[in-house]
Amino acid sequence: DGSLPGKAEPVSKFSLFGSVTCGPDGRYLYLTGLDNNDQFGIARLDLSAPAREPEFIVRTGVSLARGVTVSRDGRMAYTQATMNSNLHTLAMDAK
């Protein structure tokens with residue numbers, strides 16, 4: 001009939017998302033992005049919990065975490081992207 005099983009709800013603690021990854025057991029989603037307090041980090045969303053509010057587990061400062069992966073034994077790996085702007089000078093002959 002084309003109906004959907006439920007209503008999509010926004011994740012309220014984020015103002016900007018970077019990526020989302022499902023954990024190895026399917027219980028958690030791992031979200032990266034900027035929270036409503038302008039802090040970057042990684043949060044974990046328990047899909048079995050009725051409230052479905054993400055819990056921040058890593059703060060990454062001014063860097064956006066990307067490529068989150070979680071192993072079956074609970075170890076996490078990710079990269080961090082930073083935006084740096086620098087001015088470089090080079091001494092040259094005036095010729």
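In short, a report on the structure. (Residues numbered from 1 in each chain as written. Predicted model: local features only at pLDDT ≥ 70, side-chain atom pairs only at ≥ 80, totals over all residues. Heavy atoms only, no water.)

Here's the deal with the packing of aromatic side chains
Counting across every chain of the model gives one aromatic pair. Where Tyr28 meets Tyr30, the ring centres are 6.3 Å apart and the plane angle is 50°; that geometry is what we call tilted. Note on Tyr28: relative accessible area 17%, which makes it buried. Owing to a relative accessible area of 7%, Tyr30 belongs among the buried residues under this scheme. Taking the ring centre of Tyr28 as reference, the NZ or CZ of Arg44 above it sits at 4.5 Å. Between Arg59 and the ring centre of Phe56, over which it is positioned, the NZ or CZ distance is 4.1 Å. (Phe/Tyr/Trp six-rings, centres within 6.5 Å; stacked < 30°, edge-to-face > 60°. Buried < 20%, exposed > 50% of the residue type's maximum accessible area, 1.4 Å probe, protein only. Lys NZ or Arg CZ within 6 Å of the ring centre and 35° of its normal.)

Observations regarding the pattern of salt bridges
Pairing is possible between side chains that carry opposite charge, provided their charged atoms lie close to one another. Counted according to the given criterion, the structure contains four salt bridges. Residues Arg27 and Asp46 are paired through a salt bridge, measuring 2.9 Å at the closest nitrogen-oxygen approach. One end of the pair, Arg27, is in the loop between strand S1 (14-22) and strand S2 (28-35); the other, Asp46, is in strand S3 (residues 40-46), with 19 residues separating them in the sequence. When its relative accessible area of 16% is taken as the criterion, Asp46 is described as buried. The salt bridge partner of Asp35 is Arg59, with a shortest N-O separation of 2.6 Å. Of this pair, Asp35 sits in strand S2 while Arg59 sits in strand S4 (residues 55-61), and the two are 24 residues apart along the sequence. Among the residues examined, Asp35 registers a relative accessible area of 4% and is labelled buried. Classification of Arg59 by relative accessible area gives partly exposed; the value is 44%. (Salt bridge = Lys/Arg side-chain N within 4 Å of Asp/Glu carboxyl O. Helix = DSSP H or I, 4+ residues; strand = E, 2+ residues; numbered from the N terminus.)

Remarks on the sheet that holds S1
Strand order in the open sheet formed by four strands is S1-S2-S3-S4, and the pairing between neighbours is antiparallel. Strands with a single pairing partner mark the edges of an open sheet, and in this sheet they are S1 and S4. Strand-to-strand, the axes of this sheet are offset by a mean angle of 25°, without reference to chain direction. (Pairing = 2+ DSSP bridges. Axes fitted to C-alpha atoms, helices over the stretch in contact; angles between N-to-C directions.)

A look at the nonpolar core
Among the nonpolar cores identified, the biggest contains seven residues, and these are Tyr28, Tyr30, Ile42, Val58, Ala65, Val68 and Val70. Mapped by element, the contributors of at least two residues to this core are S2 and strand S5 (64-70). Counting residues per element, this core draws most heavily on S5, which supplies three residues. With near-sequence residues (within four places) excluded, Val70 lies in contact with Pro24, Tyr30, Arg75 and Met76. Grouped together as the second largest cluster of nonpolar side chains are five residues, Phe14, Leu31, Ala43 and Phe56 included. (Core = buried A, V, L, I, M, F, W, Y, C linked by side-chain atoms within 4.5 Å. Contact = heavy atoms within 4.5 Å.)

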